[in-house]
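Below, each chain spelled out in residue letters.
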Amino acid sequence: MVDDGLILVTGAAGQVGSVGRTVTGLLLDRGFPVRAMVRREDERAASLRAAGAQVVVGDLLEPGDVYRVVSGCSRVYFSMSPSAGYLEATVTMAAVAREAGVNALVNMSQMTVSEMSIQNTTPSHQQRQHWLGEQALAWSGLPVVTIRPTMFLESFFQLAAPSIRDRDRIELPFGRGKTSPVAGADVAQVVAAVLADPIPHLGRIYELTGPQSQDMDGIAREFSEALNREITYSDVSPEKWEEGLIRLRLPEHLTGHLLAMGELHRAGRYDRQAEGVQRVTGRPAMSVREFVSLHAEEFGGHRS
């Protein structure tokens, strides 16, 4: 059975990976009515409205706002950028969704949670909140579908594009650790497919990665092939990585999360490969080479 009711997409303006914005477009293209929740009125909100979404402004940390935007929606996509208030937002959404009688809640988590427990955690407070958030949603009794993507390929825009453009190097503190980054477009396709027909997916957890787990030298080779010039990997020290993040003046919570991500990569905790994208969409996940070819300008190249 497919429920044709109103679908709420939180984080619809999009940040890393722009998953919410892409999900909104995919659902609208399929003819579903979509309520798109954004933090503020800006050009991104105007674009969503022009595409046909019902745009609402609200704060996921304000229960009144959450109740207002969830009311009348049968399905909810819950996602929030890394934030010190993430767990509060998750529990607020759970309480409101129960009150409103939501039929399906698709929760954007993180793949690191798959290896976490009470006695096996990570230094990232964001990842700890994701783990606790999943516990709270399980306790809520809500019909939940959990999406656990690994590192987004779009992360390279901010973390590596400047050094690739200027020095033909990926400068990250990942050591010899392997990784399998996933494209935000693939994550969005999975989320949209689940929201379009959630019944077969209720209670399931989908882990999403790229098609291959490889070390950063392998990642650099795929960049080289896509950009038609040699790109190498330069392993930077955690101390130098921290100095660079501080210069970016990111929020302290996000800086801590990125530092932990580097530490976990070095420890081999991102060496994962899953078939979630193929399983839900019927198509293989996008490779690093394919992604870089699509976004070559970001890395000082030309789109092929």
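Below: a short report on this structure. The structure displayed is predicted, hence computed values, not measured ones. (Residues numbered from 1 in each chain as written. Predicted model: local features only at pLDDT ≥ 70, side-chain atom pairs only at ≥ 80, totals over all residues. Heavy atoms only, no water.)

In this section: the overall build of the protein. Within the protein, the secondary structure is distributed over 13 helices and 9 strands. Its C-alpha atoms give the protein a radius of gyration of 19 Å, within 12% of the compact-globule value 19 Å for 304 residues. With the C-alpha coordinates aligned to their principal axes, the bounding extent of the protein is approximately 55 × 45 × 35 Å. Taken across its 304 residues, the protein has 56% of its residues classed as buried. (Helix = DSSP H or I, 4+ residues; strand = E, 2+ residues; numbered from the N terminus. Rg over C-alpha atoms; globule rule 2.2 N^0.38 Å. Buried < 20%, exposed > 50% of the residue type's maximum accessible area, 1.4 Å probe, protein only.)

Core analysis: the largest hydrophobic core is formed by 38 residues, its most contacted members being Leu 27, Ile 147, Val 187 and Val 191. With 9 residues, helix H8 (residues 184–196) is the largest single contributor of residues to this core. Among residues more than four places away in sequence, those in contact with Val 191 are Val 23, Tyr 77, Val 106, Met 108 and Ile 147. Grouped together as the second largest cluster of nonpolar side chains are 33 residues, Ile 164, Ile 170, Leu 264 and Phe 299 included. (Core = buried A, V, L, I, M, F, W, Y, C linked by side-chain atoms within 4.5 Å. Contact = heavy atoms within 4.5 Å.)

The next thing to look at is helix H11 (residues 252–266). With 15 residues, H11 extends 21 Å from end C-alpha to end C-alpha; this agrees with the ideal 21 Å at 1.5 Å per step. The complete set of buried residues in H11 reads His 253, Thr 255, His 257, Leu 258, Ala 260, Met 261, Gly 262, Leu 264 and His 265. Packed against the buried residues of H11 are helix H5 (125–140), helix H6 (155–159) and helix H10 (238–248). Gly 268 lies just past H11 and shows a positive phi near 80 degrees. (Expected span 1.5 Å × (residues − 1).)

Inspection of every chain in the model, using the stated rule, returns 15 salt bridges. The salt bridge partner of Glu 134 is Arg 148, with a shortest N-O separation of 2.6 Å. Of this pair, Glu 134 sits in helix H5 while Arg 148 sits in strand E6 (residues 144–149); the two residues are 14 residues apart in sequence, bridging distant segments of the chain. For the pair Glu 134 and Arg 148, one class covers both residues: buried. A salt bridge links Arg 169 to Glu 171; the nearest nitrogen and oxygen atoms lie 2.8 Å apart. Exposure remark for Arg 169: the relative accessible area of 30% places this residue in the partly exposed category. Of the residues examined, Glu 171 reaches a relative accessible area of 16% and is grouped as buried. Among the charged side chains, a network of salt bridges with common partners joins Glu 115, Glu 134, Arg 148, Glu 207, Arg 269 and Arg 272. (Salt bridge = Lys/Arg side-chain N within 4 Å of Asp/Glu carboxyl O.)

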